[in-house]
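Chain by chain, the residues run as shown.
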Amino acid sequence: MQELDTSGLGSVRVTRKSDNVVVIEKDLATEQMVLAMGPQHPSTHGVLKLECLTDGEVITEAVPYLGYLHRCFEKCCENVDYPAIVPYTDRLDYLAGMNSEFAYALTVEKLLDIEIPRRVEFIRVIVAELNRIASHLVAIGTYGIDLGAFTPFLFCFRDREIILGLLEWASGARMLYNYIWIGGLAYDVPSDFLKRVSEFVTYFRPKAVELCNLLTKNEIFVKRTRGIGIMPADVAINYGWSGPMLRGSGVKWDLRRNDPYSIYPELDFNVAVPDGKVSVIGDCLSRHLVRALEMEESLKIIEQCISKMPTAEGFNPRSAIPKRIRPKAGEVYGRAENPRGELGFYILSDGKSTKPVRCKGRSSCFVNLSAMKDLSKGQLIPDLVAIIGSIDIVLGEVDR
Amino acid sequence: MEEGKVFSQSVQQSAAAYAIIHEKFGVAVSAFDANETMPFFEVLDTALWPDIALFMRDHARLKFNYMACLSGVDYQAEEKVGIVCNFESLGLFNHKLAVKVKCARNGGSIPSVAYVWHTANWHEREAYDMFGMLFTGHPELKRILCPDDWEGFPLLKDYKVQESYHGIKVPY
């Protein structure tokens, strides 16, 4: 539905229903209503409150209220040693714990001047990419549920369970791993782990295609997402968007490629961006497509890692971990590509203490969500649900 | 940059970007701190910060279109609080640069750059929420993570948590 220009017409409202039907409403007094959505609303994916100012079904303004899950991450960091922060980072984005640990470990290692064993790097990338697939599965599944498609959700959780099983086997925990440590890993992977991972890759490859088709070839789903919540590329950059959100707007930007870290430069993978054939560039469907395509790229990365990985002979995952982690004085901003975008840490060290003076978590969802006001203006209430779902927020990371 | 020391390519790129800013704003910006982990400069004349920000975003050879992060920091020893902003030019140039702006610890203010980069809007609100510096010209400067009626600024080094909040005992 598109509002036509009604300035100068007084209390007449003209609405175009389709190409040849135009509804003209005369002397229609509209009243704005405040509609509070959340913090317990199921489609806000956690405890997000949106205060919507609505004119009928149309949203004139939606203001997000955060902080319901604020757990003082940054204050906690100033009171514990560097290695003890790793479990806290799991609890930021609890759907992608491995990726958060990876980003934190990379940041501290920049201040430390240590050389990481090659096998550690490969294991890190494998678990991070597995976790990325698991996280995208949740994003895609719950997005389907938001828009009334129940089946993909069950499919997603069935396959995600296998990944969680694998990661539990390696680390001992299902979601909050504490596996990637500064300078190394908690443990080496179990002896049969790589075999099981490659079995999973073979199993999941057709499933990913099936899953993608289930939604993107579903007419209801496409109608609910195509052309909704369009974000132009330059505005997205100005808003600091990153990850699948930014790529959904057609910007080919991936930190694994554009600001490479770990062993990503050695690996061959594509940066998924929508081609504009199915979706309108920058809309909800594009963002969904990027996530669906990225799962395939992650599978590619995992396969290459398995074939290139050095053997476990004489390997100690903790060999490079310093006895006492006391970084040199200085500051650093380190980041990594998380399933939701750029997760960065700003760390200020005084060179004397084993605790950081300041540790700020730059959350990708926090930044992505800040565009909510602009994205929701003039949209219908049901479309608002589609927009929130496409941002794929995890409130644990938004509120920290 | 100190003479005779070898710097990596990324630091040299940052230094080149800084040189353009320094040429335009002169003494309003501090000397360039060339370190390998996060090269930065400080804005000494805080009133000029929005001008510098616009210059950094729009200059044809800088184009810092992407603000990656804005972190508040408490410099207790200097009796100051400040912000550290990390910039880069997404998709146009390879350079990165960090900028520091500081103000007085009690009731100090920094001009807002929320209209230069939309990202800064929520980041500045968060910095205000945690450190209490004011951002003049910010469209809606209020707390974002803590409740609106929370007392004190939690990330200050000398922060004492309030005894009770709406009848609930706070320290556990």
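Residues numbered from 1 in each chain as written. Chains lettered and ligands numbered in written order. Predicted model: local features only at pLDDT ≥ 70, side-chain atom pairs only at ≥ 80, totals over all residues.

### What about the overall build of chain A?
Part 1: Helix and strand counts for chain A stand at 15 helices and 11 strands.
Part 2: For 400 residues, the compact-globule formula gives about 21 Å, and the C-alpha radius of gyration of chain A, at 23 Å, lands near that figure.
Part 3: Dimensions of chain A, computed from C-alpha atoms along their principal axes, come out at roughly 80 × 50 × 35 Å.
Part 4: The proportion of buried residues among the 400 residues of chain A is 49%.
Part 5: In chain A, once contacts between residues fewer than 6 apart in sequence are set aside, the share between residues at least 24 apart is 69%. (Helix = DSSP H or I, 4+ residues; strand = E, 2+ residues; numbered from the N terminus. Rg over C-alpha atoms; globule rule 2.2 N^0.38 Å. Buried ≥ 20, exposed ≤ 12 C-beta atoms within 10 Å, placed from the backbone. Contact = placed C-beta atoms within 7 Å.)

### Remarks on the domain arrangement of chain A
Part 1: Split by domain assignment, chain A resolves into domain 1 (1-30) and domain 2 (73-399).
Part 2: Taking only C-alpha atoms, the centre of domain 1 of chain A and the centre of domain 2 of chain A are 45 Å apart. (Domains from an automatic or database assignment.)

### Describing the sheet that holds strand 9 (residues 330-338) of chain A
All names here are of chain A.
Part 1: Spatially, 3 strands are ordered 9-10-11 in an open sheet, and the strand pairing comes out antiparallel. The sheet terminates laterally at strand 9 and strand 11 (358-362), the two strands that pair on one side only. When the angles between neighbouring strand axes are averaged without regard to direction, this sheet yields 10°.
Part 2: Bridge count for strand 10 (residues 341-349) against strand 11 is 5 bridges, and the pairing is antiparallel. By the bridge assignment for strand 11, L348 is matched with R358.
Part 3: With respect to the sheet, helix 3 (residues 97-112) is in contact with strand 9 and strand 10, its orientation differing from that of strand 9 by roughly 150°. (Pairing = 2+ DSSP bridges. Axes fitted to C-alpha atoms, helices over the stretch in contact; angles between N-to-C directions.)

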